[in-house]
Amino acid sequence: MKTLLITFIGVIFSFSLFAQIVVPDVRNKSELKTHNRHAVVTMQEMGVINSVELDAKEGDGIAIFENIEFKNGTIEFDVKGKNVPGRSFVGVAFHVQDNETYNAIYFRPFNFKNTDKVRSGHSVQYISHPEFTWKKLRSD
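These numbers come from a predicted model, not from an experiment. (Residues numbered from 1 in each chain as written. Predicted model: local features only at pLDDT ≥ 70, side-chain atom pairs only at ≥ 80, totals over all residues. Heavy atoms only, no water.)

1. As for the packing of aromatic side chains
Each aromatic ring pair is described using two quantities: the centre-to-centre distance and the angle formed by the ring planes.
Logical step 1: All told, the structure shown has two aromatic pairs when counted by the stated rule.
Logical step 2: With 6.4 Å between their ring centres and 50 degrees between their planes, phenylalanine 77 and phenylalanine 107 make a pair best called tilted. Here the residue phenylalanine 77 occupies a position in the loop between strand 4 (62-65) and strand 5 (90-98), and phenylalanine 107 occupies one in strand 6 (residues 101-107), the gap between them amounting to 30 residues.
Logical step 3: By relative accessible area, which is 36% here, phenylalanine 77 ends up partly exposed. (Phe/Tyr/Trp six-rings, centres within 6.5 Å; stacked < 30°, edge-to-face > 60°. Helix = DSSP H or I, 4+ residues; strand = E, 2+ residues; numbered from the N terminus. Buried < 20%, exposed > 50% of the residue type's maximum accessible area, 1.4 Å probe, protein only.)

This is how it looks when you write it as structure tokens:
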């Protein structure tokens, strides 16, 4: 029984050694690359990043944190969008190859509380550009 407990604690400890938390340094402008958007970084006390805000423009826009490798794990982020139907899409892109080729999960905050079941069902969406755009995935 004592050996099992020690082994179990050892396994938990060894897993925690492999956990890695990566926080992009957006204060360094070379780490944040944008396409069709302007990014504004706001800071809290002690230099802690409060938010990265992207402006609204026609067409798709993306902000890419350069020099980060990610293979498996969990992506955590807080996101806030405006309640403007058809204009407020916020989310996270991954498998980014360039400004036109990426996968993304995005949220449509104006649909979360919509009483129309079809629209509320479109609150969280997936795309894989350039082949599987929202139009193609919606129609197929």
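The discussion continues.
2. Details of the confidence of the model for the protein
Logical step 1: Looking at the protein as a whole, its pLDDT mean stands at 77, while 80% of the residues score no less than 70.
Logical step 2: When mean pLDDT is taken per element in the protein, strand 7 (residues 124-129) scores highest with 92 and helix 1 (residues 2-18) scores lowest with 43.
Logical step 3: This model gives residues 1-17 a pLDDT under 50, and the stretch forms zero contacts once residues within four places in sequence are excluded. (pLDDT = per-residue confidence, 0-100. Contact = heavy atoms within 4.5 Å.)

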